[in-house]
Amino acid sequence: MEFQYSLTFHFELILPSSKQEAVAVDQLKRMRLFVRTVEAESFSRAGKAEGVAQSTVSKEVAALEAHLGTLLIRRSSRGLSVTEKGQEFYDFAVGMLGDLETAEAHLRSGEVSARGRLHVTCSPVFSNRLIAPRLPDLFARYPDLTIDLEVSERYVSLIEDGVDVAIRIGELPDSSLLTRQIGCVEAAVVASPAYLAEHGTPTSPDDLASHSCLPFTFQGNSKTWKFLGSDGPMIITPFGPLRTNDPESVHSAVLAGMGLAQGPSWMFADDIETGRLVPVLENYRPRLYPIQAVSSSTRRMTGAVKVFVDFVANLLKDEPYLCLR
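Residues numbered from 1 in each chain as written. Predicted model: local features only at pLDDT ≥ 70, side-chain atom pairs only at ≥ 80, totals over all residues. Heavy atoms only, no water.

S.K.: What should I look at first to understand the packing of aromatic side chains in this one?
M.R.: Where two aromatic rings form a pair, the distance of their centres and the angle of their planes describe that pair. As enumerated under the stated definition, the model contains three aromatic pairs in all. Between phenylalanine 126 and tryptophan 266 the ring centres are 5.5 Å apart and the planes differ by 55°, which places this aromatic pair in the tilted class. Of this pair, phenylalanine 126 sits in helix 6 (residues 124-131) while tryptophan 266 sits in helix 10 (residues 265-274), and the two are 140 residues apart along the sequence. Each member of the pair phenylalanine 126 and tryptophan 266 is classed as buried. Between phenylalanine 308 and phenylalanine 311, the ring centres sit 6.1 Å apart and the planes meet at 45°, which makes this aromatic pair tilted. Highlighted residues: phenylalanine 308 and phenylalanine 311, both in helix 11 (residues 303-317), separated by three residues, approximately one helical turn. Pair check on accessibility: phenylalanine 308 and phenylalanine 311 agree, each one buried. (Phe/Tyr/Trp six-rings, centres within 6.5 Å; stacked < 30°, edge-to-face > 60°. Helix = DSSP H or I, 4+ residues; strand = E, 2+ residues; numbered from the N terminus. Buried < 20%, exposed > 50% of the residue type's maximum accessible area, 1.4 Å probe, protein only.)

This is the structure in structure tokens:
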């Protein structure tokens, strides 16, 4: 069975009767839900990503299968799996949905279309300090766009969790994900003047063994502190009275004089300028870390994704500690 569905579908969009128009809209909805289900490998996760009930996703995918006269997804107690015809139709649907949005954007005076629900994930610091405060500007320009913003330090699975775009910091492993570098950040080690007056100022990363450090934890483990010396990279495992998985708590603790902290210089910039914090070990700062927008290669870059990534990239351009350089 080869899918000749696209010709009929496009014809219905161009010259619809009221009944044909309703059928076309239903099929678009079903195709989107089917694509989400394949990528999430779950009716429930697909429903969560699209803001509908699991039963709705299952019902609409079944209706799509009935319309096409073929099984697209196998259901079993062990989960879902895509049939050969389902994979064929998935590849077609991803391309068609992307092409449709591109065509709509072209008809709107060449402007990029941004509508529908976009699932985004980023770190708490990025959300609270950069993205969330500026979202009113984005929504004012694109009133048909809605965003599900998942704020987390964990690296969610774009496919399994139905995420459209993630903002991530650091080098990423080779994968099939699409990445676009939109900025960069450097790491800084800082302490309060009171802490340094009492405990002294470290002059090399080796001195940190005798200092109180405030490590950030990820999945229960302290993240190592990286440095770049004359002999190459240096990695230190920090130790101190407080470990936390919340960057803002690290920020508060270092301001309170509990020890030294390493984090993005952007997070400490205002405190350094006002003298509340002092940077140390500046001669050992590691290389810049890239800030990247990541999306799934199984989905074309839709107008909504492009608009959001451009929006964040433009925000970073205005931040001297985060812009590309």
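S.K.: Is there a simple way to think about helix 10 in this case?
M.R.: Helical geometry: 3.6 residues make up each α-helical turn, so side chains three or four residues apart lie on a common side. Taken as a whole, helix 10 has its buried residues at Ser265, Trp266, Met267, Phe268, Ala269 and Asp271. A positive backbone phi angle near 85° is found at glycine 275, which sits one or two residues after helix 10.

S.K.: Would you mind showing me how to read the pattern of salt bridges here?
M.R.: Close approach of charged atoms allows side chains of opposite charge to pair. Considering all chains together, one arrives at 13 salt bridges under this definition. Note that arginine 30 is salt-bridged to glutamate 60, the shortest N-O span being 2.7 Å. Residue arginine 30 is located in helix 2 (residues 18-40), and its partner glutamate 60 is located in helix 4 (residues 54-68); the two are separated by 30 residues in the primary sequence. The class for arginine 30 is buried, based on a relative accessible area of 17%. Between arginine 36 and glutamate 50 there is a salt bridge; the shortest N-O distance is 2.6 Å. On the criterion of sequence distance, the pair formed by arginine 36 in helix 2 and glutamate 50 in helix 3 (residues 43-50) is long-range, its members being 14 residues apart. (Salt bridge = Lys/Arg side-chain N within 4 Å of Asp/Glu carboxyl O.)

It is worth stressing that arrangement in space is one thing and function is another; only the former is reported here.
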